[in-house]
Amino acid sequence: MRVGDAILDLAVTTGARSLFFVGVGKNVGKTVAMRAVYEATVRARMTVGLASIGRDGEAVDSGDGQPKPRLLLRPGAVVATARSVLPQSPASRILDLSTLVTAAGSLLYARVVHDGYYELVGPPTASGVRDAVAGLMRYASYALVDGAVDRVAALAGGEDAIVVCVGADAASTMDDAVAQIRALVGRLRIERYDPAVEHVRIEGALTPAMVSQLVAQRERRAILLRDPTQLAMAGPAATYALEHLNLRCERPLRVVAVTVASSGRERAFEPREFARAVAAATGLPTFDVYAGAVAA
């Protein structure tokens, strides 16, 4: 199957105008998943813009020197990236210069004129990425963004959908990787609160110490957060909070799918078993972007 088409359909069905890819760590298949969806937008003849929180699409990882998946873009695509990494060849047309600044210098918007590999370097903050995506939407009908979990607060309550990526390099065992993705998806999918239900509003981050205190007090009222990122914990701690407290939020996020990368640099899991376990743990459509398969 064409996994990119299936994920794009899920996102478009929600009414989202942009799709963010976030992961439980590095080397979990975010770029491969975004590339698959990008190819789906090309087949659908959509004008798409691409951006990144941080850096994406480089040939070699700047941290460990290992090869990374490249982003081959077709004519018509629009990129928000640092001016210093815009390739001189093949040609692209600069559409606008931005006041936003990335780790590699000033941001600009450019349209791809010929097939070529492009690097995406974006603003490091949630608000900066929000502004970069707004800039992209002046020239594109849809946006794809390589994101980061700690920056998705800017998406809450907006017209965005999220794909969460997990891979074999995320943990030392398959069970640990499944536990991590279960906790992350559960955290990002905290539901909208009902104003008619009695609640306790939390200002700032909901920490493990606060969770322990609320559980010890046998708190049964809804615990109201501004958005899911206020739950400032991951893994087993997040799962514990989700299971023992009635967490709700004012500005929910929309998570539409999970992707798995069963092979990593350090280890590999049995592909179908891994995908089925992730699907069962998250309750979401789970796609293996490498094998082109889905686990319902």
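Calculation rules
Counting restarts for each chain, with residues numbered from 1 along the sequence as it is written. Given that the model is predicted, a residue must reach a pLDDT of at least 70 before its local features are reported, and side-chain atom pairs must reach 80 or more before they are shown or counted; all residues, however, enter totals for whole chains, interfaces and linings. Think of the side-chain values as coming from all heavy atoms in the structure, minus any hydrogens and water. Helix and strand definitions follow DSSP, with helices as H or I runs of at least four residues and strands as E runs of at least two, each counted in order from the N terminus. For the exposure calls, accessible area comes from a 1.4 Å probe over protein chains only, and a residue counts as buried if that area is under 20% of its type's maximum, exposed if over 50%, partly exposed in between. Contacts between residues were defined by any pair of non-hydrogen atoms, one from each residue, lying within 4.5 Å. All accessibility values rest on the Shrake-Rupley procedure with a 1.4 Å probe; residue burial counts only the protein chains present in the view. Only four residue types enter the charge count, namely Lys and Arg as positive and Asp and Glu as negative; His and the chain termini do not. Every charge is mapped to an atom, namely NZ of Lys, CZ of Arg, CG of Asp or CD of Glu. Paired rings are identified among Phe, Tyr and Trp, the last through its six-membered ring, by centres lying within 6.5 Å, and are further divided according to the angle between planes into stacked (under 30 degrees), edge-to-face (over 60) and tilted (the rest). Here, any two strands with at least 2 DSSP bridges between them count as paired. In this description, a line fitted to the C-alpha atoms serves as the axis of each element, helices being fitted only across the stretch in contact, and the angle between N-to-C directions of two axes falls anywhere from 0 to 180 degrees.

Caption draft 1: Structural context of the overall build of the chain. For the chain, the helix and strand inventory stands at 7 helices and 17 strands. Going through the 296 residues of the chain one by one, you find that 50% of them count as buried. Across the chain, every contact between residues at least 6 apart in sequence was considered, and the portion connecting residues at least 24 apart equals 74%. Accessible surface, the chain as shown: approximately 13,000 Å² in total, 50% of it carbon and sulfur. On the chain, the mean spot of the 33 positive side-chain charges and the mean spot of the 30 negative ones are 4 Å from each other.

Caption draft 2: Inspection of the packing of aromatic side chains at higher detail. This model, assessed by the stated rule, comprises 2 aromatic pairs. With a centroid separation of 6.2 Å and an interplanar angle of 40 degrees, the aromatic rings of Tyr109 and Tyr139 are classed as tilted. Here the residue Tyr109 occupies a position in strand E7 (residues 105-112), and Tyr139 occupies one in the loop between helix H3 (126-136) and strand E10 (142-146), the gap between them amounting to 30 residues. Exposure remark for Tyr109: the relative accessible area of 3% places this residue in the buried category. Ring centres of Phe269 and Phe274 lie 5.1 Å apart, and the angle between their planes is 70 degrees; on these two criteria the pair is classed as edge-to-face. Side by side, Phe269 and Phe274 carry an identical accessibility label, which is buried.

Caption draft 3: The sheet that holds strand E13 (residues 222-225), seen in detail. Within the open sheet, the 3 strands sit side by side as E12-E13-E14. Their pairing is parallel. Edge positions in the sheet fall to strand E12 (199-201) and strand E14 (247-249), since each of these pairs with one other strand and no more. Ignoring which end each strand starts from, the neighbouring axes of this sheet average 35 degrees apart. Pairing of E13 with E14 involves 3 bridges; the strand directions are parallel. By the bridge assignment for E14, Leu224 is matched with Arg248.

Keep in mind these values describe shape, not function.
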